[in-house]
Amino acid sequence: MKKTASTPRYRGRFAPSPTGPLHFGSLVAALGSYLDARANRGSWRVRIEDLDQTRTVTGTADEILRTLEQFGFEWDGTVLYQSQRSDLYAHHLNLLLQADLAYPCGCSRKEINLAASQGIEGAIYPGTCSRGLPPGRQARAIRLRTFDQATRFNDAVQGPQSQRLAQEIGDFVVRRADGFHAYQLAVVVDDALQGITRVVRGADLLLSTPRQIHLQQLLEFPAPTFAHLPLVVDRTGRKLSKQSGDAPVDARKPLPALLLALAHLGQPMPSEPPLGLDEFWEWAICHWSMAAVPKKLAALPPQLC
């Protein structure tokens, strides 16, 4: 089909946080997003989500990029760093404030927990400051207004999703009390300004997606499509994470880890082991099928335990 202005070329991305070296769970997310982009003849960008400098580990961003290169990933364009884009986030936050779609909040976390009911991801903000700061209060965070309506989308892996933000999440933070812009705002601005058309990432972010769609709608950004890949967990059911110190992938042996990640994503395996990275990537891109990706959590392969 001929491409038109209304059908933008596929553009995907991988956006790791530099809080530790690349582990197997992150490799699965990178592989899924890369294969989906290349199989659709699209571009693939890398973004370093280093907005929260309190969690960033010095040197880790460069280490992640080196590991991706050693595994044969090839990204398009320059690497984007969120820490260099605060002015852009502030500009879009001001647009929300001017339109009364966001407001200052003076509540502490302890006060919210005492007054709030529990939702699907913690305390539901009770709206204490939604009509203005109470007397004697100073602004701490900035929150985005949510409304009494369902936010729906169809995930390419997890299927139809629906969430009522006002009842299940509440007005959520878009600038934190420590002055950092929140992930939800930054990722929406970045995806829009980078022209991302498809977000392929781990299922741990599935519940965040309605908040991001809500922000996209308020900022009048085009919404990408979404595919949330099954997480990798250890034998106790805990999700692998850099913060927990899970072992990084071995960049000296990329092929075994790539084949395990491919199997985790439910993809067909070559009848003979690939002779090198070029052969692996040719096979994996040619045989990629998003429809074959399983929904459920999968345990860490024994080889990596």
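This text follows the structure it describes.
Residues numbered from 1 in each chain as written. Predicted model: local features only at pLDDT ≥ 70, side-chain atom pairs only at ≥ 80, totals over all residues. Heavy atoms only, no water.

Draft legend 1. Seen up close, the side chain of Gln194. Its location among the elements puts Gln194 in the loop between α6 (183-193) and β11 (198-202). Apart from residues no more than four positions distant in its own chain, Gln194 is found in contact with Arg11, Arg45, Arg47 and Leu80. (Helix = DSSP H or I, 4+ residues; strand = E, 2+ residues; numbered from the N terminus. Contact = heavy atoms within 4.5 Å.)

Draft legend 2. Region of the structure containing the pairing of strand β2 (residues 43-48). By the criterion of burial, β2 is predominantly enclosed, with six of the six residues buried. Residues Ser43, Arg45 and Arg47 point to one face of β2 and Trp44, Val46 and Ile48 to the other, with burial holding for every one of them. Both strand β1 (residues 11-14) and β2 contribute to a ladder of four bridges, which runs parallel. Bridged to Arg11 within β2 is Ser43. (Buried < 20%, exposed > 50% of the residue type's maximum accessible area, 1.4 Å probe, protein only. Pairing = 2+ DSSP bridges.)

Draft legend 3. Region of the structure containing the pattern of salt bridges. A complete count under the given rule lists 13 salt bridges for this structure. Between Glu111 and Arg137 there is a salt bridge, and its shortest N-O distance comes to 3.0 Å. Of this pair, Glu111 sits in helix α4 (residues 109-115) while Arg137 sits in the loop between β6 (122-123) and β7 (141-144), placing them 26 residues apart in sequence. Residue class for Glu111 comes out partly exposed when judged on its relative accessible area of 34%. (Salt bridge = Lys/Arg side-chain N within 4 Å of Asp/Glu carboxyl O.)

Draft legend 4. Broad picture of the packing of aromatic side chains. Under the counting rule described, the total for this entry stands at eight aromatic pairs. Relative to Trp44, the ring of Tyr34 lies with its centre 4.8 Å away and its plane at 90°, an arrangement referred to as edge-to-face. Here Tyr34 is found in helix α1 (residues 24-39), whereas its partner Trp44 is found in strand β2, with ten residues between them in sequence. One exposure class covers both Tyr34 and Trp44, and it is buried. Taking 5.0 Å as the distance between ring centres and 65° as the angle between the ring planes, the aromatic pair formed by Tyr34 and Trp281 counts as edge-to-face. Remark: Trp281 occurs in helix α9 (residues 277-286) and Tyr34 occurs in helix α1; sequence separation between them is 247 residues. (Phe/Tyr/Trp six-rings, centres within 6.5 Å; stacked < 30°, edge-to-face > 60°.)

Draft legend 5. Geometry of the sheet that holds β7. Read from one edge to the other, the open sheet built from three strands follows the order β4-β7-β10, with strand pairing classed as antiparallel. The open sheet has two edge strands, β4 (102-105) and β10 (172-175), and neither has a second partner. If you compare each strand with its neighbour and ignore which way they point, the axes differ by 45° on average. Judged from the three bridges that link them, β7 and β10 form a sheet pairing that is antiparallel. (Axes fitted to C-alpha atoms, helices over the stretch in contact; angles between N-to-C directions.)

Draft legend 6. Structural context of the nonpolar core. If you look at the biggest cluster of nonpolar residues, it comprises 41 residues, and the most contacted ones within it are Leu27, Leu31, Leu68 and Phe73. Secondary structure elements with two or more residues in this core: α1, β2, α2 (60-70), β12 (225-229), α8 (254-264) and α9. Sorting elements by how many residues they give to this core places α1 first, with nine residues. If near-sequence neighbours (up to four positions away) are discounted, Leu68 is found in contact with Phe14, Leu22, Ala30, Val46, Phe73 and Trp75. Among the nonpolar cores identified, the runner-up in size contains 20 residues, and Tyr89, Ala102, Leu144 and Leu215 belong to it. (Core = buried A, V, L, I, M, F, W, Y, C linked by side-chain atoms within 4.5 Å.)

Draft legend 7. Focus on the side chain of Arg85. Take Arg85: it is sitting in the loop between β3 (80-81) and α3 (86-98). Residues contacting Arg85, with those up to four places away along its chain left out, are Leu80, Asp190 and Leu193.

Draft legend 8. Layout of the state of the cysteines. On inspection of all chains with the given rule, the structure shows zero disulfides. With no disulfide of its own, Cys129 lies 3.7 Å from the sulfur of Cys107, the closest cysteine sulfur. (Disulfide = S-S within 2.5 Å.)

Draft legend 9. Layout of helix α7 (residues 209-218). A large share of α7 lies buried, amounting to eight of its ten residues. For α7, the set of buried residues is Thr209, Pro210, Arg211, Gln212, Ile213, His214, Leu215 and Gln216. Backbone geometry just downstream of α7 places Glu220 in the positive-phi region, at approximately 60°.

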